[in-house]
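Single-letter residue listing:
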Amino acid sequence: GAVVSQHPSRVICKSGTSVKIECRSLDFQATTMFWYRQFPKQSLMLMATSNEGSKATYEQGVEKDKFLINHASLTLSTLTVTSAHPEDSSFYICSATGDSFPNTEAFFGQGTRLTVV
Amino acid sequence: QKEVEQNSGPLSVPEGAIASLNCTYSDRGSQSFFWYRQYSGKSPELIMSIYSNGDKEDGRFTAQLNKASQYVSLLIRDSQPSDSATYLCAVEGGSYIPTFGRGTSLIVHP
(Lines give C-alpha, C1' and ligand atoms only; values in the text may rest on other atoms or scores of the structure.)
Protein backbone atom coordinates (compact mmCIF):
# COMPACT_ATOMS: atom_id res chain seq x y z
CA GLY A 1 0.00 0.00 0.00
CA ALA A 2 0.87 3.64 -0.23
CA VAL A 3 2.41 5.69 2.55
CA VAL A 4 0.74 8.65 4.16
CA SER A 5 2.71 10.50 6.82
CA GLN A 6 0.98 12.65 9.41
CA HIS A 7 2.77 14.99 11.76
CA PRO A 8 2.86 15.55 14.68
CA SER A 9 1.68 12.30 16.24
CA ARG A 10 0.93 13.99 19.56
CA VAL A 11 0.52 17.60 20.53
CA ILE A 12 -0.47 19.35 23.72
CA CYS A 13 -1.43 22.99 23.47
CA LYS A 14 -2.90 25.67 25.65
CA SER A 15 -6.49 26.74 25.27
CA GLY A 16 -6.82 29.58 22.78
CA THR A 17 -3.79 28.70 20.70
CA SER A 18 -3.74 27.23 17.19
CA VAL A 19 -2.32 23.91 16.10
CA LYS A 20 -1.33 22.83 12.60
CA ILE A 21 -1.37 19.19 11.53
CA GLU A 22 0.34 18.09 8.33
CA CYS A 23 -0.59 15.17 6.12
CA ARG A 24 1.77 14.10 3.36
CA SER A 25 1.53 11.42 0.71
CA LEU A 26 5.07 10.13 0.34
CA ASP A 27 4.94 7.97 -2.75
CA PHE A 28 1.87 9.02 -4.70
CA GLN A 29 -0.04 12.09 -5.75
CA ALA A 30 -3.00 12.59 -3.47
CA THR A 31 -5.76 14.15 -5.50
CA THR A 32 -8.14 13.90 -2.57
CA MET A 33 -7.50 14.03 1.14
CA PHE A 34 -9.95 13.43 3.95
CA TRP A 35 -9.78 14.69 7.51
CA TYR A 36 -11.44 12.74 10.29
CA ARG A 37 -11.89 13.16 14.00
CA GLN A 38 -12.34 10.24 16.34
CA PHE A 39 -13.33 10.40 19.99
CA PRO A 40 -12.52 7.47 22.31
CA LYS A 41 -14.42 4.29 21.45
CA GLN A 42 -16.35 6.05 18.70
CA SER A 43 -16.31 5.79 14.95
CA LEU A 44 -14.47 8.00 12.52
CA MET A 45 -16.26 11.25 11.87
CA LEU A 46 -15.52 12.84 8.52
CA MET A 47 -14.79 16.53 8.97
CA ALA A 48 -13.93 17.61 5.45
CA THR A 49 -12.80 16.54 2.03
CA SER A 50 -10.15 18.46 0.16
CA ASN A 51 -9.07 18.30 -3.44
CA GLU A 52 -5.77 19.74 -4.54
CA GLY A 53 -6.11 23.37 -5.50
CA SER A 54 -9.72 23.66 -4.37
CA LYS A 55 -11.46 24.80 -1.24
CA ALA A 56 -12.28 22.03 1.18
CA THR A 57 -15.81 20.71 1.46
CA TYR A 58 -16.86 20.58 5.08
CA GLU A 59 -19.37 18.19 6.59
CA GLN A 60 -22.43 19.58 8.26
CA GLY A 61 -21.71 20.86 11.73
CA VAL A 62 -17.98 21.35 11.20
CA GLU A 63 -16.92 24.98 11.51
CA LYS A 64 -14.77 25.88 8.53
CA ASP A 65 -13.40 28.98 10.25
CA LYS A 66 -12.23 26.91 13.17
CA PHE A 67 -10.81 23.98 11.23
CA LEU A 68 -8.80 25.48 8.39
CA ILE A 69 -7.83 23.05 5.67
CA ASN A 70 -5.30 23.75 2.96
CA HIS A 71 -4.47 21.35 0.13
CA ALA A 72 -2.00 23.41 -1.83
CA SER A 73 -0.10 20.57 -3.47
CA LEU A 74 -0.66 17.00 -4.57
CA THR A 75 1.37 15.71 -1.64
CA LEU A 76 0.44 17.95 1.26
CA SER A 77 -2.68 18.93 3.12
CA THR A 78 -2.80 20.75 6.43
CA LEU A 79 -5.45 21.08 9.11
CA THR A 80 -5.19 24.02 11.46
CA VAL A 81 -7.30 23.98 14.61
CA THR A 82 -7.69 27.64 15.48
CA SER A 83 -8.36 28.93 18.98
CA ALA A 84 -8.37 25.42 20.33
CA HIS A 85 -10.45 24.55 23.36
CA PRO A 86 -10.49 21.44 25.58
CA GLU A 87 -13.51 20.07 23.72
CA ASP A 88 -11.36 19.97 20.57
CA SER A 89 -9.16 17.35 22.20
CA SER A 90 -9.44 14.30 19.99
CA PHE A 91 -7.65 11.96 17.60
CA TYR A 92 -7.37 13.61 14.18
CA ILE A 93 -6.63 11.39 11.22
CA CYS A 94 -6.07 12.16 7.56
CA SER A 95 -6.42 9.79 4.66
CA ALA A 96 -5.49 10.22 1.03
CA THR A 97 -6.37 8.72 -2.27
CA GLY A 98 -5.08 9.25 -5.76
CA ASP A 99 -5.88 8.53 -9.38
CA SER A 100 -3.28 5.79 -9.43
CA PHE A 101 -5.35 3.63 -7.10
CA PRO A 102 -8.33 1.53 -8.08
CA ASN A 103 -11.75 2.58 -7.01
CA THR A 104 -10.75 5.19 -4.43
CA GLU A 105 -8.70 3.06 -2.06
CA ALA A 106 -7.64 5.46 0.66
CA PHE A 107 -4.69 5.22 2.99
CA PHE A 108 -4.50 6.70 6.45
CA GLY A 109 -1.85 8.72 8.19
CA GLN A 110 -0.74 7.72 11.66
CA GLY A 111 -3.10 10.15 13.34
CA THR A 112 -2.52 13.10 15.66
CA ARG A 113 -3.65 13.02 19.25
CA LEU A 114 -4.48 16.57 20.24
CA THR A 115 -4.83 17.51 23.89
CA VAL A 116 -5.91 21.04 24.71
CA VAL A 117 -5.27 22.08 28.30
CA GLN B 1 -28.54 9.45 4.10
CA LYS B 2 -26.06 6.71 3.33
CA GLU B 3 -25.65 4.30 6.21
CA VAL B 4 -23.22 1.53 6.97
CA GLU B 5 -24.18 -0.74 9.83
CA GLN B 6 -21.96 -2.99 11.86
CA ASN B 7 -22.51 -4.86 15.09
CA SER B 8 -20.30 -3.11 17.62
CA GLY B 9 -19.50 -6.38 19.41
CA PRO B 10 -17.30 -7.35 21.00
CA LEU B 11 -17.04 -10.53 18.99
CA SER B 12 -15.00 -13.02 20.98
CA VAL B 13 -13.46 -16.08 19.31
CA PRO B 14 -10.87 -18.59 20.45
CA GLU B 15 -7.46 -18.66 18.85
CA GLY B 16 -7.47 -20.72 15.67
CA ALA B 17 -11.17 -20.23 14.99
CA ILE B 18 -12.82 -18.37 12.11
CA ALA B 19 -13.97 -14.86 12.91
CA SER B 20 -16.89 -13.59 10.84
CA LEU B 21 -17.55 -9.87 10.64
CA ASN B 22 -20.60 -8.47 8.89
CA CYS B 23 -21.61 -5.15 7.44
CA THR B 24 -24.77 -3.92 5.72
CA TYR B 25 -25.20 -0.74 3.73
CA SER B 26 -28.13 1.32 2.57
CA ASP B 27 -26.99 2.81 -0.74
CA ARG B 28 -27.73 0.39 -3.58
CA GLY B 29 -25.47 2.40 -5.86
CA SER B 30 -22.39 1.60 -3.78
CA GLN B 31 -19.50 0.39 -5.87
CA SER B 32 -16.47 -0.03 -3.65
CA PHE B 33 -16.19 -1.81 -0.33
CA PHE B 34 -13.33 -1.82 2.10
CA TRP B 35 -12.33 -3.41 5.37
CA TYR B 36 -9.97 -1.56 7.69
CA ARG B 37 -8.37 -2.79 10.90
CA GLN B 38 -7.81 -0.32 13.72
CA TYR B 39 -5.78 -1.13 16.79
CA SER B 40 -6.51 0.85 19.93
CA GLY B 41 -4.95 4.28 19.74
CA LYS B 42 -3.82 3.82 16.13
CA SER B 43 -5.20 4.89 12.79
CA PRO B 44 -7.04 2.48 10.47
CA GLU B 45 -5.12 0.20 8.13
CA LEU B 46 -6.61 -1.03 4.85
CA ILE B 47 -6.69 -4.83 4.78
CA MET B 48 -9.14 -5.72 2.02
CA SER B 49 -11.03 -4.12 -0.83
CA ILE B 50 -13.74 -5.74 -2.95
CA TYR B 51 -15.70 -4.40 -5.88
CA SER B 52 -17.70 -7.27 -7.39
CA ASN B 53 -20.02 -9.93 -6.05
CA GLY B 54 -18.44 -13.05 -4.65
CA ASP B 55 -15.41 -13.83 -2.57
CA LYS B 56 -11.96 -12.33 -2.55
CA GLU B 57 -9.22 -14.06 -0.62
CA ASP B 58 -5.94 -12.65 0.65
CA GLY B 59 -4.01 -14.87 3.00
CA ARG B 60 -6.14 -15.56 6.06
CA PHE B 61 -8.69 -12.93 5.05
CA THR B 62 -11.68 -13.44 2.79
CA ALA B 63 -14.05 -10.65 1.87
CA GLN B 64 -17.51 -11.56 0.63
CA LEU B 65 -19.82 -9.20 -1.23
CA ASN B 66 -23.50 -9.63 -2.01
CA LYS B 67 -24.85 -6.51 -3.67
CA ALA B 68 -28.39 -7.90 -3.98
CA SER B 69 -28.57 -8.29 -0.22
CA GLN B 70 -26.45 -5.20 0.42
CA TYR B 71 -23.99 -6.84 2.73
CA VAL B 72 -20.29 -7.36 2.85
CA SER B 73 -18.46 -9.62 5.25
CA LEU B 74 -14.94 -10.38 6.32
CA LEU B 75 -13.78 -13.81 7.39
CA ILE B 76 -10.55 -14.25 9.30
CA ARG B 77 -9.30 -17.82 9.33
CA ASP B 78 -6.99 -19.22 11.99
CA SER B 79 -7.60 -16.17 14.17
CA GLN B 80 -4.65 -14.99 16.23
CA PRO B 81 -4.55 -12.81 19.35
CA SER B 82 -2.81 -10.19 17.19
CA ASP B 83 -6.01 -9.95 15.13
CA SER B 84 -7.75 -8.43 18.15
CA ALA B 85 -8.76 -4.97 16.97
CA THR B 86 -11.71 -2.98 15.72
CA TYR B 87 -12.68 -3.74 12.13
CA LEU B 88 -14.21 -0.92 10.14
CA CYS B 89 -16.34 -1.46 7.07
CA ALA B 90 -16.31 1.36 4.51
CA VAL B 91 -18.53 1.79 1.46
CA GLU B 92 -18.11 4.20 -1.42
CA GLY B 93 -20.73 4.90 -4.06
CA GLY B 94 -19.18 7.03 -6.75
CA SER B 95 -18.76 10.22 -4.76
CA TYR B 96 -15.18 9.28 -3.86
CA ILE B 97 -16.11 9.79 -0.23
CA PRO B 98 -16.22 6.57 1.79
CA THR B 99 -18.83 6.09 4.49
CA PHE B 100 -17.57 4.19 7.52
CA GLY B 101 -19.44 1.94 9.86
CA ARG B 102 -18.92 2.27 13.60
CA GLY B 103 -16.71 -0.81 13.63
CA THR B 104 -16.83 -4.24 15.24
CA SER B 105 -14.52 -5.01 18.11
CA LEU B 106 -12.89 -8.44 17.74
CA ILE B 107 -11.24 -10.23 20.63
CA VAL B 108 -9.25 -13.39 19.95
CA HIS B 109 -8.48 -15.17 23.19
CA PRO B 110 -5.75 -17.76 23.60
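Structural data are supplied above this passage.
1. A look at the overall build of chain A
Step number 1: Check the secondary structure of chain A and you find zero helices and 11 strands.
Step number 2: Walking chain A from its N terminus toward its C terminus, one meets helices and strands in the order β-β-β-β-β-β-β-β-β-β-β.
Step number 3: The globule rule puts the C-alpha radius of gyration for 117 residues at 13 Å, and the 13 Å found for chain A is close to it.
Step number 4: Taken along its principal axes, the extent of the C-alpha atoms in chain A is 40 × 25 × 20 Å.
Step number 5: Counting all 117 residues of chain A, 51% fall into the buried class.
Step number 6: Across chain A, 10 positive and 10 negative side-chain charges occur, with their mean positions spaced 9 Å apart.

2. Structural notes on the layout of surface pockets
Step number 1: There is about 710 Å³ of room inside the largest pocket.
Step number 2: Among the elements of the structure, strand 4 (32-38) and strand 5 (45-51) of chain A together with strand 1 (4-5) and strand 10 (99-100) of chain B are those that each provide at least two residues to the lining of the largest pocket.
Step number 3: For the lining of the largest pocket, the element with the most residues is strand 4 of chain A, which contributes three residues.
Step number 4: Class assignment for the residues of the lining of the largest pocket results in 10 nonpolar, 10 polar and six charged.
Step number 5: The calculated volume of the second largest pocket comes to roughly 580 Å³.
Step number 6: Lining the second largest pocket we find 22 residues, and of these A:Gln38, A:Pro40, A:Lys41, A:Gln42 and B:Thr86 sit closest to its centre.
Step number 7: Element by element, the count of residues in the lining of the second largest pocket is highest for strand 9 (residues 85-92) of chain B, at three residues.

3. Digging into the sheet that holds strand 3 (residues 19-25) of chain B
Whether parallel or antiparallel, the strands of a sheet pair through hydrogen bonds between backbone atoms.
All names here are of chain B.
Step number 1: The five strands are arranged 1-3-8-7-6 in an open sheet whose pairing can be described as antiparallel. The open sheet has two free edges, formed respectively by strand 1 and strand 6 (54-58), since each of these has just one partner strand.
Step number 2: Taken together, the two bridges between strand 1 and strand 3 define a ladder with antiparallel strand orientation. Paired with Val4 across the two strands is Tyr25, which belongs to strand 3.

4. A few points about the nonpolar core
Most often, soluble globular proteins keep nonpolar side chains buried together rather than apart.
Step number 1: Residues A:Val4, A:Trp35, A:Phe67, A:Leu79, A:Tyr92 and A:Leu114 are the most contacted members of the largest nonpolar core, which totals 26 residues.
Step number 2: Secondary structure elements with two or more residues in this core: strand 2 (10-13), strand 3 (19-25), strand 4, strand 5, strand 7 (67-73), strand 8 (76-81), strand 9 (90-97) and strand 11 (112-116) of chain A.
Step number 3: Once residues lying within four places of it in the same chain are set aside, the contact partners of A:Leu114 are A:Val11, A:Cys13, A:Val19, A:Val81, A:Asp88, A:Ser89, A:Ser90 and A:Tyr92.
Step number 4: Counting residues in hydrophobic clusters, the runner-up holds 23 residues, among them B:Leu21, B:Trp35, B:Phe61 and B:Leu65.

5. Digging into empty space enclosed by the protein
Residue and element names in this part refer to chain B.
Step number 1: This structure, assessed with the given rule, holds one cavity of 30 Å³ or more.
Step number 2: One number sums up the size of the largest cavity: a volume of about 50 Å³.
Step number 3: Lining the largest cavity, in full, are Lys2, Glu3, Val4, Tyr25, Ser26, Asp27, Ser30, Val91, Glu92, Gly93, Ile97 and Thr99.
Step number 4: Tallied by class, residues from the lining of the largest cavity come to four nonpolar, four polar and four charged.

6. Notes on the packing of aromatic side chains
Centre-to-centre distance and the angle between the planes together describe a pair of aromatic rings.
Step number 1: One pass over the full model with this rule turns up 11 aromatic pairs over all chains.
Step number 2: Measuring from centroid to centroid gives 6.4 Å for A:Phe67 and A:Tyr92, while their planes differ by 40°, and the two rings are tilted. Pair noted here: A:Phe67 is in strand 7 and A:Tyr92 is in strand 9, with a separation of 25 residues, a long-range link. The burial state of A:Phe67 is the same as that of A:Tyr92; both residues are buried.
Step number 3: Put simply, the rings of A:Phe34, A:Tyr36, A:Phe108, B:Phe34, B:Tyr36, B:Tyr51 and B:Phe100 pair up and form one aromatic cluster.
Step number 4: Between A:Lys66 and the ring centre of A:Phe67, over which it is positioned, the NZ or CZ distance is 6.0 Å.
Step number 5: Over the ring of A:Phe91 we find A:Arg113; its NZ or CZ atom is 4.5 Å from the centre of that ring.

About the cut-offs
- Residues numbered from 1 in each chain as written.
- Chains lettered and ligands numbered in written order.
- Predicted model: local features only at pLDDT ≥ 70, side-chain atom pairs only at ≥ 80, totals over all residues.
- Heavy atoms only, no water.
- Helix = DSSP H or I, 4+ residues; strand = E, 2+ residues; numbered from the N terminus.
- Rg over C-alpha atoms; globule rule 2.2 N^0.38 Å.
- Buried < 20%, exposed > 50% of the residue type's maximum accessible area, 1.4 Å probe, protein only.
- Lys, Arg positive; Asp, Glu negative; His and termini not counted.
- Charge placed at Lys NZ, Arg CZ, Asp CG, Glu CD.
- 1 Å grid on protein atoms, 1.4 Å probe; cavity = no way out; pocket = protein on both sides within 12 Å on 5 of 7 lines; lining within 4 Å.
- Points joined across faces, edges and corners; volume = space filled by probe spheres on them.
- Nonpolar A, V, L, I, M, F, W, Y, C, P; charged D, E, K, R; others polar.
- Pairing = 2+ DSSP bridges.
- Core = buried A, V, L, I, M, F, W, Y, C linked by side-chain atoms within 4.5 Å.
- Contact = heavy atoms within 4.5 Å.
- Phe/Tyr/Trp six-rings, centres within 6.5 Å; stacked < 30°, edge-to-face > 60°.
- Lys NZ or Arg CZ within 6 Å of the ring centre and 35° of its normal.

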